[in-house]
Amino acid sequence: MFKISSYLPTEIIFRVGAVDELEERAKKLGKKALIVTGRSSTKKTGLLQRVVDLLKKAGVESFVFDKIIPNPISDHVDEAAEIVRKEKIDFIIGLGGGSPIDSAKAISITAPNEGKFWDYVPVGGGKIPEKSIPVVAIPTTHGTGTEADPFAVITNPQTKEKVGIGYRNTFPVLSLVDPEVMKTLPKDQTAYTSMDAFYHAIESFLNVNANPYSDVLALDAMKRIVTYLPVAYENGEDMEARTNLAWASTEAGITETLTGVIANHALEHGLSGFYPEITHGLGLCITGPYLFEYIFDHAYERLAIVGREVFGVYETDDRKAGRIAIKKLRDFQEMFGLNKRLSELGVKKEDIPKMAETGYRILNGVVVVTPGNLTAKDMEEIFNRCY
Ligand SMILES: [Fe+2]
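Since we're looking at a predicted model, the values are computed, not measured.

## Section: the side chain of Glu 256
Move 1: Positionally, Glu 256 belongs in helix H8 (residues 239–258).
Move 2: Lys 105 provides the closest opposite charge to the buried, unpaired Glu 256, separated from it by 8.1 Å.

This is the structure:
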């Protein structure tokens, strides 16, 4: 029988124009803020300046850390944590895609405690962060779900370990989810981030601990993505599509918190830990269908539900409906050019055993909730099938 354990402490304000709430909210969070963002897009769109101006109106002094790269690294977390310590920052704003927001969470537990970020990573120092600084998340993409979960994904460039951490004190205190600021997201990012959200939802739905609370959100998120991603891909300014994709990302983030992803995310972390130029959403699309085929005997009943509910499959036999669901998923990914092979992306065959072993080890928590009791060898075989 199912079990539900829910801890969702983030205040989420979801609406067009939500960013403007920052002025009033910031006043209650302190006098000094560090804005953590990427190198260019929030400057180009004017959003960074808008946030600085809102903070100024609220009487909050702001500092900007704008070095965050895709697949963010622990060195930058440590560098920003030093600024937080030195300037006595009261709260941190993660502004941008998953990388700046995840980095903001990582900085928030590093700065007020001793040492470096890697000290607070289970496969690193293994310490539990006692203290944290409040984080406000302002996502500009609709995929990671980081606005509604405690997770931060950070890579150690020395060891190539791409870890996911999450503690009770790494939820944002406030998330301002504003579909308006997502309309400038380029076509390829629109597809990558939406598919990240899709995989959060489908993996949570297939998780051995899936429950009715997360199931209803997971199915809804997948349906919205299948309906609205093609629309936003063609016309990024379509606010109905952006709003639905933004909500799909947030609700898929909640499913991650309630239930969690499975081995597809471990495969992807193994892959992009070694090949950081491969975008997270693309990596998930490459390995996902092969994983589902691999665990099919243990997952077909749930895949059949996805087929019927999300892709409109009309088939009463569960095994057949499950097979069609995987085909429909591949067809959907094909619309956005996401069915690549690892060999096309420059992955070296000899790296596969290390990628599998690393993914299995650093994200073991999500491997063990995958139907079918996967081993590192199974993950290696899945990578080989994707090659
Ligand atoms: Fe993800």
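## Considerations on the sheet that holds strand E4 (residues 91–96)
Move 1: Reading across the sheet, the 6 strands line up as E1-E8-E5-E4-E2-E3 and stay open at both edges, with parallel pairing between neighbours. A single partner strand is all that each edge strand has here, and the edge strands are strand E1 (11–14) and strand E3 (61–68). The average angle at which neighbouring strand axes cross in this sheet is 15°, direction not considered.
Move 2: As defined by bridge partners, strand E2 (residues 32–38) adjoins E4 across 4 bridges and the pair is classed as parallel. Among the inter-strand pairings, Val 36 is bridged to a residue of E4, identified as Gly 94.

## Concerning the UniProt feature "domain: Alcohol dehydrogenase iron-type/glycerol dehydrogenase GldA" (unreviewed entry) in the protein chain
Move 1: As recorded in UniProt, the sites labelled "domain: Alcohol dehydrogenase iron-type/glycerol dehydrogenase GldA" (unreviewed entry) are residues 9–179.
Move 2: Counted over residues 9–179, helix gives 28% and strand 27%. Its end C-alpha atoms are 22 Å apart.

## Observations concerning helix H11 (residues 296–311)
Move 1: The terminal C-alpha atoms of H11, which comprises 16 residues, lie only 18 Å apart, well short of the 22 Å expected from a rise of 1.5 Å per residue.
Move 2: Considered for burial, the residues of H11 that qualify are Phe 296, Ala 299, Tyr 300, Leu 303, Ala 304, Val 306, Gly 307, Val 310 and Phe 311.
Move 3: Here the buried face of H11 lies against helix H6 (187–206), helix H7 (212–234), helix H10 (280–294) and helix H12 (318–334).
Move 4: Taken from the residues just after H11, Gly 312 is the one with a positive phi, measuring 65°.

## Re the pattern of salt bridges
Move 1: Counted under the stated rule, the structure contains 26 salt bridges.
Move 2: Linking Arg 319 and Asp 297 is a salt bridge whose minimum nitrogen-to-oxygen distance equals 2.7 Å. Here Arg 319, found in helix H12, pairs with Asp 297, found in helix H11; they are 22 residues apart in sequence, far enough to count as distant.
Move 3: Classification of Arg 319 as partly exposed rests on a relative accessible area of 36%.
Move 4: Connected through shared salt-bridge partners, Glu 11, Arg 15, Glu 21 and Arg 25 make up one network.

## Observations regarding the nonpolar core
Move 1: Phe 198 and Met 222 are the most contacted members of the largest nonpolar core, which totals 98 residues.
Move 2: Counting the residues that make up this core, at least three belong to each of domain 1 (11–182) and domain 2 (187–386).
Move 3: When sequence neighbours within four positions are dropped, the list of residues in contact with Phe 198 reads Met 222, Ile 225, Val 226, Val 310, Phe 311 and Leu 329.
Move 4: Core analysis: the second largest hydrophobic core is formed by 26 residues, Ile 35, Leu 95, Val 181 and Met 182 among them.

## Considerations on the pairing of strand E7 (residues 161–166)
Move 1: As paired elements, strand E6 (residues 151–156) and E7 share 6 bridges and run antiparallel to each other. Each bridged residue has a counterpart across the sheet, and for Ile 154 the counterpart in E7 is Val 163.

## Notes on the environment of Ala 246
Move 1: Note on placement: Ala 246 falls in helix H8.
Move 2: Under the relative-accessibility criterion, Ala 246 is labelled buried at 1%.
Move 3: Setting aside chain neighbours within four positions, we find Ala 246 in contact with Phe 14, His 142, Glu 147, Val 177, Pro 179 and Met 182.

## Some remarks on the domain arrangement of the protein chain
Move 1: Per the domain assignment, the segments of the protein chain are domain 1 (11–182) and domain 2 (187–386).
Move 2: Inter-centroid distance (C-alpha atoms) of domain 1 to domain 2 is 26 Å.
Move 3: Of the residues lining the interface, 26 residues belong to domain 1; the matching set on domain 2 comes to 30 residues.
Move 4: For the pair domain 1 and domain 2, the summed buried area comes to about 2200 Å², and 61% of that belongs to carbon and sulfur atoms.
Move 5: One can count 2 salt bridges joining domain 1 with domain 2.
Move 6: Where domain 1 touches domain 2, the interface holds 15 residue pairs in polar contact (both at pLDDT 80 or more).
Move 7: Looking at the side of domain 1 that touches domain 2, the elements that each hand over two or more residues are E1, E6 and E7.
Move 8: Here the element with the most residues in the side of domain 1 that touches domain 2 is E7; it accounts for 4 residues.
Move 9: Counted by class, the side of domain 1 that touches domain 2 contains 13 nonpolar, 7 polar and 6 charged residues.

## A closer look at helix H13 (residues 352–362)
Move 1: Within the span of H13, buried status applies to Ile 352, Met 355, Ala 356, Thr 358, Gly 359 and Ile 362.
Move 2: Elements in contact with the buried residues of H13: E7, helix H9 (263–274), helix H14 (364–367) and helix H15 (376–386).

## Side note on a nonpolar patch on the surface
Move 1: Taken together, the side chains of Met 1, Phe 2, Ile 4, Leu 8 and Tyr 213 make up a nonpolar region of the molecular surface, amounting to roughly 570 Å² of accessible area.
Move 2: Looking at the element boundaries, Met 1 is found in the segment before E1.
Move 3: Note on Met 1: relative accessible area 95%, which makes it exposed.

## Looking at the packing of H10 against H12
Move 1: For the pair H10 and H12, the least separation of the axes is 10 Å and the interaxial angle reads 170°. Comparing the axis directions of H10 and H12 gives the class roughly antiparallel. In contact with Cys 285, Pro 289, Tyr 290, Phe 292 and Glu 293 of H10, H12 contributes Arg 323, Ile 326, Leu 329, Arg 330 and Gln 333.
Move 2: Residues belonging to the contact of H10 with H12 are distributed by class as follows: 6 nonpolar, 1 polar and 3 charged.

Definitions and cut-offs
In every chain, residue numbers begin from 1 and rise along the written sequence. pLDDT decides what is reported in this predicted model: residues at 70 or higher carry local features, side-chain atom pairs at 80 or more are listed and counted, and totals for whole chains, interfaces and linings draw on all residues regardless. Note: side-chain values were computed over all heavy atoms of the structure, leaving out hydrogens and water. Strands are runs of DSSP state E lasting at least two residues, helices are runs of H or I lasting at least four, and both sets are numbered from the N terminus onward. Burial here depends on accessible area, computed with a 1.4 Å probe over protein chains only, as a share of the maximum for the residue type. Under 20% is buried, over 50% is exposed, and the range in between is partly exposed. Within this scheme the basic residues Lys and Arg register as positive and the acidic residues Asp and Glu register as negative, but His and the chain ends are omitted. We define a salt bridge as a side-chain nitrogen of Lys or Arg found within 4 Å of a carboxyl oxygen belonging to Asp or Glu. A pair of strands counts as paired when DSSP detects no fewer than two bridges linking them. Structural elements are reduced to axes, namely lines fitted to C-alpha atoms, with helices fitted over the stretch in contact, and the angle between N-to-C directions of any two is expressed from 0 to 180 degrees. UniProt positions are given in the numbering used here, feature names are shortened, and annotations may be inferred rather than shown by experiment. For a helix, the expected span equals 1.5 Å multiplied by the residue count minus one. In this description, contact between two residues means that some pair of their heavy atoms is separated by no more than 4.5 Å. Here, nonpolar core refers to any group of buried Ala, Val, Leu, Ile, Met, Phe, Trp, Tyr and Cys residues whose side-chain atoms link them within 4.5 Å. Note that the domain bounds were set by an automatic or database domain assignment. Joining two parts hides part of their accessible area as seen by a 1.4 Å probe, and the buried area is that hidden amount summed over both. Two N or O atoms form a polar contact when they lie within 3.5 Å of each other; inside protein one atom must be a possible hydrogen donor and the other a possible acceptor, and for residues adjacent in sequence the pair counts only when both atoms belong to side chains. Side-chain classes follow a simple rule in which Ala, Val, Leu, Ile, Met, Phe, Trp, Tyr, Cys and Pro form the nonpolar group, Asp, Glu, Lys and Arg form the charged group, and the remainder, Gly included, forms the polar group. Any residue with relative accessible area above 30% and no salt bridge may belong to a patch, with like charges joined within 9 Å and the nonpolar Val, Leu, Ile, Met, Phe, Trp and Tyr side chains within 5 Å. Residue-level accessible areas treat just the shown protein chains as cover; the underlying method is Shrake-Rupley with a 1.4 Å probe. For classification purposes, an angle smaller than 35 degrees is called roughly parallel, one larger than 145 roughly antiparallel, one from 65 to 115 roughly perpendicular, and anything else oblique.

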